[in-house]
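Understanding the architecture of this molecule
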Amino acid sequence: MPDPRRQPKPKYTAERNIPGAFEGETITRRRMMTLTAHGAGAAAAMAFTLPALAFAVGSAVFERPPVTWQPIGPTGNFGPDDYMPVVITTVQGIGEVGKTTAYVRARNPSIDGPDDPKEPFIALSSRCMHLGCPVRWTPAAARFICPCHGGVYDFQGKVSGGPPVRPLDHFYTRVRNGQLELGPRYSVNSELKRFPHYRDPGEPIDGLGQYLYPGRFTTPLQ
């Protein structure tokens, strides 16, 4: 009669004919190495996915700073054929460090299209969309030029040459009692399509780029 007791399984991988087995390797060692490899893969995947999820979820969970508008002068100061530099405060309470330059002009219907209530005047950020260096407006060339890495933008702020990944950021504008006011900054793609919030320099927002670089929750709610 066969032995009714259950026979123990072999403890070596070679005895069980497991693929890749070698002499002396135990089942316990094989399982430990497999779990270690899977754990390392899971940790690596979390290192990539958790920051992206935090940015995406944070935009909906965290409270955004309030929108602020700053008067920059009478509307008559700004013509449609040239930009005027103005200094504005982007971060309150930190002095000169929180200030930046914006380039402002009146809308030119032949270039900018019909009137836009969210942007009755054109206001461009001076931050280059390569690494954030300050660009300067050169009237003789009708170009914005970045002195750091040779980025060049045309009259509308579109990329004409160099490494920038997208056009210059814009500011919302409005008119109150004859005074032009600048509001929050926002980013545009290569076709000047407006996005709700601004992206950091070096982050493209054409195609898949708009999903790979979600807007930060520190930007003001529009």
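Residues numbered from 1 in each chain as written. Predicted model: local features only at pLDDT ≥ 70, side-chain atom pairs only at ≥ 80, totals over all residues. Heavy atoms only, no water.

This paragraph deals with the overall build of the protein chain. Secondary structure assignment for the protein chain yields three helices and 10 strands. In sequence order, the protein chain lays out its α and β elements as α-β-β-β-α-β-β-β-β-β-β-β-α. Within the protein chain, the proportion of its 222 residues that are buried is 33%. Looking at the protein chain alone, contacts between residues at least 24 apart form 45% of all its contacts between residues at least 6 apart. Total accessible area on the protein chain stands at roughly 13400 Å², and carbon and sulfur atoms take up 60% of it. (Helix = DSSP H or I, 4+ residues; strand = E, 2+ residues; numbered from the N terminus. Buried < 20%, exposed > 50% of the residue type's maximum accessible area, 1.4 Å probe, protein only. Contact = heavy atoms within 4.5 Å. Areas by Shrake-Rupley, 256 points an atom, 1.4 Å probe, with all protein chains shown as cover.)

What follows is about the side chain of Asp-116. Tracing the chain through its elements places Asp-116 in the loop between α2 (109-112) and β4 (121-125). For Asp-116, the side chain forms a polar contact with the main-chain nitrogen of Lys-118, separated by 3.0 Å. Discounting chain neighbours no more than four positions away, the residues touching Asp-116 are Arg-107 and Arg-194. (Polar contact = N/O pair within 3.5 Å; in protein donor to acceptor, adjacent residues only side chain to side chain.)

Mapped onto the elements, Asn-189 comes out in the loop between β10 (179-186) and α3 (209-212). With relative accessibility at 8%, the residue Asn-189 sits in the buried group. A polar atom in the side chain of Asn-189 sits 3.0 Å from the backbone nitrogen of Glu-191. When sequence neighbours within four positions are dropped, the list of residues in contact with Asn-189 reads Pro-167, Phe-195, Ile-205 and Asp-206.

Turning our eyes to something else, we now look at a nonpolar patch on the surface. Judged by side-chain polarity, Leu-208, Tyr-211, Leu-212 and Tyr-213 come together as a nonpolar surface patch covering roughly 490 Å² of accessible area. Within the secondary structure, Tyr-213 sits in the segment after α3. Take Tyr-213: its relative accessible area is 30%, and that puts it in the partly exposed class. (Patch = residues over 30% accessible without salt bridge, like charges linked within 9 Å, V, L, I, M, F, W, Y side chains within 5 Å. Salt bridge = Lys/Arg side-chain N within 4 Å of Asp/Glu carboxyl O.)

Turning to the layout of surface pockets, a few remarks are in order. A probe as big as a water molecule, rolled over the atoms, marks out the empty space that is left. Its boundaries defined by the atoms lining it, the second largest pocket holds a volume of some 200 Å³. For the second largest pocket, the lining is made up of 13 residues, of which Arg-107, Asp-112, Glu-119, His-170 and Leu-192 are closest to its centre. Grouping the constituent residues of the lining of the second largest pocket by class yields five nonpolar, two polar and six charged. (1 Å grid on protein atoms, 1.4 Å probe; cavity = no way out; pocket = protein on both sides within 12 Å on 5 of 7 lines; lining within 4 Å. Points joined across faces, edges and corners; volume = space filled by probe spheres on them. Nonpolar A, V, L, I, M, F, W, Y, C, P; charged D, E, K, R; others polar.)

Of note, Ala-142 is a non-glycine position whose phi angle comes to about 55°, a positive value. Inspection of the secondary structure puts Ala-142 in the loop between β5 (136-138) and β6 (143-145). The phi torsion at Asn-177 lies on the positive side, around 55°, for a residue other than glycine. Mapped onto the fold, Asn-177 is located in the loop between β9 (170-176) and β10.

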